[in-house]
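Descriptive analysis of the structure
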Amino acid sequence: MTTSLHDRPRLDHLVVMADTLEAGAAWCEATLGVAPAPGGEHPLFGTHNRLLAIESAAFPLAYLEIIAINPAAAPVRQPGACPRRWFDMDDMALRERVRAHGPRLIHWVARVPDLQEAAARLAMLEVDRGELLHASRMTPAGLLAWQITVRPDGRRLFDGCLPTLIEWGAVHPATRMPPSGVALQSLRLRHPRVEALAEACAAAGLGDVEIKAGAPPGIEVKLVTPRGLVTLSSAHEERESAA
């Protein structure tokens, strides 16, 4: 399955935070029935990850990122760069929940063909999606490079429902991931400020995302896996699954 990196805004990947990468890999095998592939390190934020291809016809090049703070690396920040880690990973309450209850879905990332333009459209709604940072990491196949929006305070917006935006360079990481047997079936957002969230998503070019009004706010995804249909929700500590 192929798609252009620059055809239109789309879901790029789901973010699952773990206390350690070992805990994240064990969660993935227990919950989804497969082991995640190796990932890499993010020197800018002192984090590292493992990855799992979850693409489907509706979500080409989609993948799941299991991310954790790297205890062997401190963030390498340039003067004036974001002082906190991305995805609220410096939030102590979130860290404690992950430590106590295990890895959990916390966010999603959308790829856009023009990051600067998408961020400017959000700014017109007074939504500060954050700085446009250039990031990269080495892989066995060479350098992987991207631009991404990260706020100086590291915050996710709309309780994690408004995605972080990313613009990839020439290569997308999912093209190098082995097939996993897991496919993303659906993505649904729920938030009490449904109109404001829908307006922000539309400004980023994601007007086709399903959004429902309600509380608690959260992201819900359904995955077809070797263990059957699995539902992950950021609004709950536990994952539900059904054959």
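Residues numbered from 1 in each chain as written. Predicted model: local features only at pLDDT ≥ 70, side-chain atom pairs only at ≥ 80, totals over all residues. Heavy atoms only, no water.

1. Let's talk about the sheet that holds strand β5 (residues 104-111)
- One open sheet holds the eight strands; their spatial order is β2-β3-β4-β1-β5-β8-β7-β6, and the pairing between them is mixed. Two strands lie at the open edges of the sheet, namely β2 (37-42) and β6 (131-139), each paired on one side alone. Mean inter-strand twist for the sheet, computed between neighbouring axes without regard to direction, equals 30 degrees.
- Alignment of strand β1 (residues 10-17) against β5, held across seven bridges, turns out to be antiparallel. Bridge assignment links R10 to a residue of β5, and that residue is R111.
- On the sheet, helix α1 (residues 21-32) packs against β1, β3 (47-53) and β4 (63-69) and is oriented at approximately 145 degrees with respect to β4.
- In the packing of helix α3 (residues 115-124) onto the sheet, contacts are made with β6, β7 (142-150) and β8 (164-168), and the angle to β8 comes to roughly 160 degrees. (Pairing = 2+ DSSP bridges. Helix = DSSP H or I, 4+ residues; strand = E, 2+ residues; numbered from the N terminus. Axes fitted to C-alpha atoms, helices over the stretch in contact; angles between N-to-C directions. Contact = heavy atoms within 4.5 Å.)

2. Regarding the nonpolar core
- Formed by 46 residues in total, the largest nonpolar core has its most connected members in I54, L64, W108, L187 and L189.
- Discounting residues that sit within four places of it in the chain, I54 has contacts with L14, A62, Y63, L64, V182, A183, L184 and L223.
- In terms of nonpolar packing, the next biggest core, distinct from the first, is built from 26 residues, V15, V98, L144 and M177 among them. (Core = buried A, V, L, I, M, F, W, Y, C linked by side-chain atoms within 4.5 Å. Buried < 20%, exposed > 50% of the residue type's maximum accessible area, 1.4 Å probe, protein only.)

3. Here we look at the pattern of salt bridges
- Taken as a whole and judged by the stated rule, the model has 13 salt bridges.
- Residue E96 pairs with R99 through a salt bridge whose shortest N-O separation is 2.6 Å. A residue pair is termed a helical-turn pair when its members lie 3 or 4 positions apart in one helix, as E96 and R99 do in helix α2 (residues 92-101) at three residues.
- Across the pair E117 and R121 runs a salt bridge, and its minimum N-O distance is 2.8 Å. (Salt bridge = Lys/Arg side-chain N within 4 Å of Asp/Glu carboxyl O.)

4. Some words on α2
- If you check which residues of α2 are buried, you get L94, R95 and V98. When α2 is viewed along its axis, its buried side chains cluster within an angular range of 100 degrees and face the same direction.
- The inward-facing, buried residues of α2 contact β1, β4 and β5.
- Measuring from the side-chain oxygen of the N-cap residue of α2 to the backbone nitrogen of A93 gives 3.2 Å; that N-cap residue is D91.
- Directly after α2, the chain includes G102, whose backbone phi takes a positive value near 95 degrees. (Arc of directions from axis to C-beta. Polar contact = N/O pair within 3.5 Å; in protein donor to acceptor, adjacent residues only side chain to side chain.)

5. What about the environment of G154?
- For G154, the position within the fold is in the loop between β7 and β8.
- Judged by relative accessible area, G154 falls into the buried class, the value being 1%.
- In this structure the C-alpha to C-alpha distance between G154 and A30, which are 124 residues apart in sequence, comes to 30 Å.
- For G154, the contacting residues outside a window of four places in its chain are R84, R85, W86, F87 and D88.

6. What to know about α3
- Along α3, the residues that are buried comprise L115, A118, A119 and L122. Considered in projection along α3, the buried side chains sweep an arc of 95 degrees and stay on one side of the axis. Of the exposed residues in α3, the ones pointing more than 90 degrees away from its buried face are Q116 and M124.
- Buried residues belonging to α3 abut β6, β7, β8 and α4 (194-203).

7. Let's talk about the pairing of β8
- Among the five residues in β8, five count as buried, and that is most of the element.
- Going residue by residue along β8, you find T164, I166 and W168 tucked away on one face and L165 and E167 tucked away on the opposite face as well.
- Bridge analysis of β5 against β8 gives three bridges, and the strand direction is parallel. By the bridge assignment, A110 is partnered in β8 with L165.
- When β7 meets β8, the two strands line up antiparallel, connected through three bridges. Each residue of the ladder has a partner; that of W146, found in β8, is W168.

8. Quick word on the packing of aromatic side chains
- Counted under the stated rule, the structure contains three aromatic pairs.
- Seen in terms of ring centroids, F45 and W86 are 4.4 Å apart; in terms of plane orientation they differ by 20 degrees. Their pairing is stacked. Of the two residues, F45 sits in the loop between β2 and β3 while W86 sits in the loop between β4 and α2, which places them 41 residues apart along the sequence.
- Judged by relative accessible area, F45 falls into the buried class, the value being 1%.
- When its relative accessible area of 3% is taken as the criterion, W86 is described as buried.
- Centroid distance W86 to F87: 5.1 Å. Interplanar angle 5 degrees. Geometry classified as stacked. (Phe/Tyr/Trp six-rings, centres within 6.5 Å; stacked < 30°, edge-to-face > 60°.)

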